[in-house]
Amino acid sequence: MSRASPVDLHFIDAFDESADSARTPLIVLHGLLGSADNWRSQLKKWQQTRRVLAVDLRNHGRSPHAEGMEYATLAGDVTALMERVGIERAHVLGHSMGGKVAISLARLAPQRTASLIVGDIAPVRYEHGHDDVFAALEAVREAKPTDRKSADALMAEHVSARPTRLFLATNLVRGDDKTMRLRVGLDEIRDGYASIIGLPAGDAPFDGPTLVLRGADSHYVSDEHLPELKKILPRARLVTLKNAGHWLHADQPEAFQEAVAAFIEAQEA
């Protein structure tokens, strides 16, 4: 399934004691430069009914840094995690880059995918567009600031939008030398960027139940992308969330949570 050896991914394992342990688990995959921590508020709702695993993909969050950002490799890491924790089949939710990982997993291992939920990404090749973000993180890595305010000032030289800088700041941790350092594998991500903006892995369509959620104010899933989306995900149901951009789960958290929960419940009715 993958081109590189799997790594042991870090994950948040969320499950309320009152939830039904027999229900199919949900696996949640973040986007580029995100982490499992981005999903903590959503987990509080979903874990009430089933086990939920929010995963740090390789080179992100607390997972190991390793070369290989091809989608077959990333999907292989998730499959290895499922085997490690004893999950044979799961609902799989992915946002942005994580959505392409989820699509890849569904296409390469449909027997493991009870249903697929894709957040604001299409199975197409995108244009290069993260140079400013990489430059901002590189500036912090080189300068080694001692506090977040100084790190933000460095990033502001490259990224003007404060919400984006706040998101990037989730990748900063204080090192033993008291300086702010990156917890992401920036070099590995940049080296694999062509794969990240490329096509998901797999040759065959995934014909299982699929929900695609897009933000009304986002360009990532445009109407022009729909023919290709339907070709690869023929059973996809498309839902557009109003007043939401690319980070639709942050812009409209309740609507996003409810849409995901209702879709999964419908598959198990």
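As a reminder, the structure under discussion sits directly above these lines.
Residue indices begin from 1 for each chain and proceed along its sequence in written order. It should be noted that, the model being predicted, local features are given only for residues of pLDDT at least 70 and side-chain atom pairs only at 80 or more, the latter also being counted only at that level, while totals for whole chains, interfaces and linings use all residues. The side-chain numbers reported here are obtained from all heavy atoms of the structure, hydrogens and water having been left aside.

This brings us to the pairing of strand E3 (residues 52-55). Type-normalised accessible area, obtained with a 1.4 Å probe on protein chains alone, sets the label of each residue: buried when under 20%, exposed when over 50%, and partly exposed for intermediate values. Per the convention used, a helix needs a DSSP run of H or I reaching at least four residues, while a strand needs a run of E reaching at least two, with both numbered from the N terminus. Residues Val52 and Ala54 line one face of E3 and the alternating positions Leu53 and Val55 line the opposite face, and both faces are buried. Judged from the four bridges that link them, strand E1 (residues 11-14) and E3 form a sheet pairing that is antiparallel. Its bridge partner lying in E3, phenylalanine 11 is registered against valine 55. We treat two strands as partners when DSSP finds at least two bridges between them. The pairing of strand E2 (residues 26-29) with E3 spans four bridges and is parallel.

Aromatic rings from Phe, Tyr and Trp, with only the six-membered ring used for Trp, were paired whenever their centres fell within 6.5 Å, and each pair was classed as stacked if the ring planes differed by under 30 degrees, edge-to-face if by over 60, and tilted otherwise. A complete count under the given rule lists six aromatic pairs for this structure. Ring geometry for tryptophan 39 and phenylalanine 256: centres 6.1 Å apart, planes at 40°, overall tilted. Here tryptophan 39 is found in the loop between E2 and helix H1 (40-46), whereas its partner phenylalanine 256 is found in helix H11 (residues 253-268), with 217 residues between them in sequence. This pair shows no difference in class: tryptophan 39 is buried, exactly as phenylalanine 256 is. Grouping aromatic residues by their ring pairs yields a cluster made of Trp39, Trp46 and Phe256.

Moving on, we get to the nonpolar core. For this analysis, a nonpolar core means a set of buried residues of the types Ala, Val, Leu, Ile, Met, Phe, Trp, Tyr and Cys, connected via side-chain atoms within 4.5 Å. Leu29, Leu33, Leu168 and Leu233 are the most contacted members of the largest nonpolar core, which totals 63 residues. It is helix H2 (residues 71-85) that provides the largest number of residues to this core, a total of seven residues. Those residues in contact with leucine 33, other than ones at most four positions away along the chain, are His60, Val133, Phe134, Leu137, Phe167, Leu168, Asn171, Val184 and Ile189. Contacts are assigned to residue pairs that have any heavy atoms within 4.5 Å of one another.

If you trace the backbone, methionine 97 turns up in helix H3 (residues 97-108). Residues methionine 97 and leucine 172, 75 residues apart in the sequence, show an inter-C-alpha distance of 20 Å.

For the rest of this paragraph, the subject is the packing of H2 against H3. Where H2 contacts H3, the two axes come as close as 8 Å, and the packing angle between them is 70°. Between H2 and H3, the angle falls in the class roughly perpendicular. In contact with Tyr71, Ala72, Leu74, Ala75, Val78, Thr79 and Met82 of H2, H3 contributes Met97, Lys100, Val101, Ser104, Leu105 and Leu108. Each residue is assigned to one of three groups, with Ala, Val, Leu, Ile, Met, Phe, Trp, Tyr, Cys and Pro labelled nonpolar, Asp, Glu, Lys and Arg labelled charged, and all others, Gly among them, labelled polar. Here the residues of the contact of H2 with H3 sort into ten nonpolar, two polar and one charged. To obtain each axis, a line is fitted to C-alpha atoms, and for helices this fit is confined to the stretch in contact; angles are then taken between N-to-C directions over 0 to 180 degrees. In what follows, roughly perpendicular refers to angles from 65 to 115 degrees, roughly parallel to angles under 35, roughly antiparallel to angles over 145, and oblique to any angle outside these ranges.

Further remarks concern the environment of alanine 135. In this structure, alanine 135 sits in helix H4 (residues 131-143). Residues alanine 135 and methionine 155, 20 residues apart in the sequence, show an inter-C-alpha distance of 7.9 Å.

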